[in-house]
Amino acid sequence: MYKHILTAIIITLFIGCSAPSPEKLPTWYTSPPQDLQYFYATGSGINHINAKNNAISNLRTTLNYNLDKAFLDKTTKLKIAQNQDIKLILLENEKFANTITMRGLKIDKTDIFKKEHLVLIKLSRNLVFDYASKLSTKKFEISKARYESYKDNIAIKKYTFLLDEMPDYYSLASLLEAKILSFNTYDFNEEVLYLDEIRSEFLKLKQSISFYILSDVNSKIYVSAVKDAIIASGLTISSQPIGDNSLNIFITSKTINSQDYTFNKSKTLVKYRTYNQDKKEVAFRQHTFIGKSRVSYIDAKNQSAVYQKNKIKKLGVYNFIGFNQ
């Protein structure tokens, strides 16, 4: 009996040793290489083209993740405050990762595992750097030149410039990080210093400017739209100035009512005067708004206030009240 058991054990061991080893995914697929020349990514699919497309998608996702990580972990060379909202930078990161050209892409390795096609792709770090540089260089030069031309303006004009410039800040910050991700040893000091400076200046101005809006009785209807637009721009409305750069706006108007066929017509000339803390006029602009109504002149004037709101939206509030001319 023991002889039969021993024979069975030997046969089992023999069968186990002679059986083929289970298939394994290639190491390059489970642990893609990392070096200073290329970005790598893997992908699988039902055929070679499908696998390549999935690998490209994975490469874009990885680039996006690494760009985001630099800002989320605050490892970027830029100054990122603890409470800084970086959502718009993250959107620019996503845009960059999803639009970068893949024309220089190379297939490094291929294999088939359980009928699945596997590929390893690589994208030159030079290509990523050049693509980010192409998008950023001209934008950076124009932005810096414009900033220099605005440096000596009064605070509110510098703020309005920087308000328009901040979308470029988000874009340039993302592109800068893409270049750093490609070549961390490159000298980025000029760009870093400029981007840190404009953001710091923007925040400093934001904390030193407030508006107080006054009007005569006839013009009260035109106040709220101006207030709302200023608040939407990031500044404060306050009866007490928050700093030396705070301003007062005085709105006056003259209304003429008339009949236009079956309509009540209200035509109002509205004047916007802005004064600094020394009571010196620093901006002036006037607009004419016309409203019509079959109901009443009051309703017609309410319609004219709607036209004012639309014009503020079209021109921008600071251009509307006399700045940026």
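What you see is a predicted model; the values in this text were computed from it and never measured. (Residues numbered from 1 in each chain as written. Predicted model: local features only at pLDDT ≥ 70, side-chain atom pairs only at ≥ 80, totals over all residues. Heavy atoms only, no water.)

K.L.:
Now, about the overall build of the protein chain: what can you tell me, with residues and values included?
P.N.:
Each helix and strand in the protein chain was counted, giving 10 helices and 8 strands. Its C-alpha atoms give the protein chain a radius of gyration of 32 Å, more than 25% over the compact-globule value 20 Å for 325 residues. Counting across all 325 residues of the protein chain, residues that qualify as buried make up 40%. Of the contacts made within the protein chain by residues no fewer than 6 positions apart, 68% connect residues no fewer than 24 positions apart. A total accessible area of about 19,300 Å² is found for the protein chain, and carbon and sulfur atoms account for 53% of it. The protein chain carries 46 positive and 31 negative side-chain charges, and their two centres are separated by 6 Å. (Helix = DSSP H or I, 4+ residues; strand = E, 2+ residues; numbered from the N terminus. Rg over C-alpha atoms; globule rule 2.2 N^0.38 Å. Buried < 20%, exposed > 50% of the residue type's maximum accessible area, 1.4 Å probe, protein only. Contact = heavy atoms within 4.5 Å. Areas by Shrake-Rupley, 256 points an atom, 1.4 Å probe, with all protein chains shown as cover. Lys, Arg positive; Asp, Glu negative; His and termini not counted. Charge placed at Lys NZ, Arg CZ, Asp CG, Glu CD.)

K.L.:
Could you give an account of the nonpolar core, with specific residues and numbers?
P.N.:
Of all hydrophobic cores here, the largest spans 51 residues; its most connected members are Phe211, Val226, Ile230, Tyr272, Tyr318 and Ile321. Considering every element that reaches this core, the biggest residue donor is helix α6 (residues 155–182), with 12 residues. If we skip the residues at most four places from it in the chain, Phe211 touches Ile156, Ile230, Leu235, Thr236, Ile237, Ser238, Leu247, Ile249, Thr274, Tyr318 and Ile321. (Core = buried A, V, L, I, M, F, W, Y, C linked by side-chain atoms within 4.5 Å.)

K.L.:
Go over the layout of surface pockets with me, naming the residues and quoting the values.
P.N.:
With a probe scaled to a water molecule rolled over the atoms, the places where space remains empty come into view. In this structure, the largest pocket spans a volume of roughly 300 Å³. What lines the largest pocket is a set of 15 residues, and nearest its centre among them are Asp85, Tyr170, Phe202, Leu203 and Lys206. Every element with two or more residues in the lining of the largest pocket is listed here: α6 and α7 (189–206). Broken down by element, the lining of the largest pocket gets its largest block of residues, 5 residues, from α6. A breakdown of the residues in the lining of the largest pocket according to their chemical character gives 8 nonpolar, 4 polar and 3 charged. (1 Å grid on protein atoms, 1.4 Å probe; cavity = no way out; pocket = protein on both sides within 12 Å on 5 of 7 lines; lining within 4 Å. Points joined across faces, edges and corners; volume = space filled by probe spheres on them. Nonpolar A, V, L, I, M, F, W, Y, C, P; charged D, E, K, R; others polar.)

K.L.:
Which residues make up the confidence of the model for the protein chain, and what values do they have?
P.N.:
For the protein chain, the mean per-residue pLDDT works out to 91, and 93% of the residues sit at or above 70. Low pLDDT, under 50, characterises residues 1–22; the predicted model gives this stretch 0 contacts beyond four residues in sequence or across chains. (pLDDT = per-residue confidence, 0-100.)

K.L.:
Can you tell me about the packing of helix α5 (residues 125–150) against α6, naming the residues and giving the values?
P.N.:
Two numbers describe how α5 lies on α6: the axes approach to 9 Å, and their chain directions differ by 160°. The angle between α5 and α6 places the two elements in the roughly antiparallel class. Handedness of the crossing formed by α5 with α6: left-handed. In the contact of α5 with α6, the residues fall into 13 nonpolar, 5 polar and 8 charged. (Axes fitted to C-alpha atoms, helices over the stretch in contact; angles between N-to-C directions. Parallel < 35°, antiparallel > 145°, perpendicular 65-115°, else oblique. Left-handed = near helix turned anticlockwise from the far one by under 90°.)

K.L.:
Hey, could you go over the sheet that holds strand β7 (residues 263–275) for me, with residue numbers and the actual values?
P.N.:
One open sheet accounts for 5 strands, arranged β5-β4-β6-β7-β8; its pairing is mixed. Bordering the open sheet on either side are β5 (236–237) and β8 (281–293), each of which pairs with just one other strand. With 13 bridges joining them, strand β6 (residues 247–260) and β7 adopt antiparallel strand pairing. Following the sheet pairing, Ile249 is matched in β7 by Thr274. (Pairing = 2+ DSSP bridges.)

K.L.:
Now, about the pattern of salt bridges: what can you tell me, with residues and values included?
P.N.:
Per the counting criterion, the structure on display carries 11 salt bridges. One salt bridge in this structure joins Glu197 and Lys151, with 3.4 Å as the shortest N-O distance. Placement of the pair is Glu197 in helix α7 and Lys151 in the loop between α5 and α6, with a sequence separation of 46 residues. Note on Lys151: relative accessible area 34%, which makes it partly exposed. A salt bridge links Asp260 to Lys292; its shortest N-O distance comes to 2.7 Å. (Salt bridge = Lys/Arg side-chain N within 4 Å of Asp/Glu carboxyl O.)

K.L.:
Quick rundown of a nonpolar patch on the surface? Include the residues and the values.
P.N.:
Judged by side-chain polarity, Tyr212, Leu214 and Phe250 come together as a nonpolar surface patch covering roughly 240 Å² of accessible area. Examined against the element boundaries, Leu214 turns out to sit in strand β4 (residues 210–215). Leu214 gets classed as partly exposed once you look at its relative accessible area, which sits at 36%. (Patch = residues over 30% accessible without salt bridge, like charges linked within 9 Å, V, L, I, M, F, W, Y side chains within 5 Å.)

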